[in-house]
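Close look at the chain arrangement
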Amino acid sequence: MSILKVARMGHPVLREKARPIEKAELKSAVLQKLIDDMIDTMSDYRGVGLAAPQVHESVRLFVASLDHGENGEDEAEPLAIVNPEITIVGDEVIEDWEGCLSIPNIRGRVPRAREIKVRALDRKGGRIELHVHDFPSRVIQHETDHLDGVLFFDRMPSLASLTFLDEYSRYWVKD
């Protein structure tokens, strides 16, 4: 496995709409290696999600660790989500802190739907449907935004909450 270089804000790949992946394409060794490398990269950077455009691949794919224990440790294998389609459930919106591996050391408050349904393919081409809320919902929405060329800044109604990670940790994280 390899640790991939993460595209940072300003790189054009982060503003492109990624192309869908054909089901047959998922069986290729190249795409399977990309998924493995993305999982390794996400883990190495201590992220909870990573979209293919963030590693310079403009395809509709992301990996995510959606199950975290009390200590923030992964309790399940990261998922590969291919060609996601999101449906918002209900109208509850929650504003909470987000960061991004492509915008290092910055945090901001972003409103997101509390609950969503996601239809997608898994890494083997099988159909999956997830019904998630709270943190997993936020992660999936954030990563799907990357597939559409959207960064979390674009979702913020105000940039007043933008903060560097050090100040976020000092002033905003509750003990």
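Residues numbered from 1 in each chain as written. Predicted model: local features only at pLDDT ≥ 70, side-chain atom pairs only at ≥ 80, totals over all residues. Heavy atoms only, no water.

**Let's talk about the side chain of glutamine 32**
Secondary-structure assignment places glutamine 32 in helix H1 (residues 29-44). A distance of 2.7 Å separates the side chain of glutamine 32 from the backbone oxygen of leucine 26, its partner in a polar contact. Within the structure, the side chain of glutamine 32 is placed 2.8 Å from the backbone oxygen of arginine 123, a separation counted as a polar contact. Discounting chain neighbours no more than four positions away, the residues touching glutamine 32 are Leu26 and Arg123. (Helix = DSSP H or I, 4+ residues; strand = E, 2+ residues; numbered from the N terminus. Polar contact = N/O pair within 3.5 Å; in protein donor to acceptor, adjacent residues only side chain to side chain. Contact = heavy atoms within 4.5 Å.)

**Details of the nonpolar core**
Ranked by internal contacts, the top residues of the largest apolar core, which has 19 residues, are Ile21, Met38, Leu50, Leu61 and Val63. Looking at this core, the elements that each hand over two or more residues are H1, strand E2 (61-64) and strand E3 (79-88). Per-element tally for this core: the top contributor is H1, with 6 residues. Ignoring any residue separated from it by four or fewer positions in sequence, one finds valine 63 in contact with Ile35, Met38, Ile39, Met42, Val48, Gly49, Leu50, Leu79 and Ala80. Leu66, Val132, Val139 and Ile140 belong to the second-largest nonpolar core, a separate cluster that totals 13 residues. (Core = buried A, V, L, I, M, F, W, Y, C linked by side-chain atoms within 4.5 Å. Buried < 20%, exposed > 50% of the residue type's maximum accessible area, 1.4 Å probe, protein only.)

**As for unusual backbone geometry**
Within the chain, histidine 56 stands out as a residue other than glycine whose phi angle is a positive 70°. Within the chain, asparagine 105 stands out as a residue other than glycine whose phi angle is a positive 65°. Accessibility expressed as a relative area gives 47% for asparagine 105, which makes it partly exposed.

**Some points on the side chain of threonine 163**
Locating threonine 163 in the fold gives a position in strand E8 (residues 163-164). Leaving out residues up to four positions away in the same chain, threonine 163 has contacts with Trp97, Asn105, Ile106, Arg107, Tyr168 and Trp172.

**A closer look at the sheet that holds strand E4 (residues 93-100)**
Taken in spatial order, the 3 strands line up as E4-E5-E8 in an open sheet, and their pairing is antiparallel. The sheet is open, and its two edges are formed by E4 and E8, each paired on a single side. Pairing of E4 with strand E5 (residues 103-113) involves 7 bridges; the strand directions are antiparallel. When the sheet's bridge partners are listed, aspartate 96 is paired in E5 with valine 110. Sitting on the sheet, helix H2 (residues 135-147) touches E4 and E5, and the angle it makes with E4 is about 60°. (Pairing = 2+ DSSP bridges. Axes fitted to C-alpha atoms, helices over the stretch in contact; angles between N-to-C directions.)

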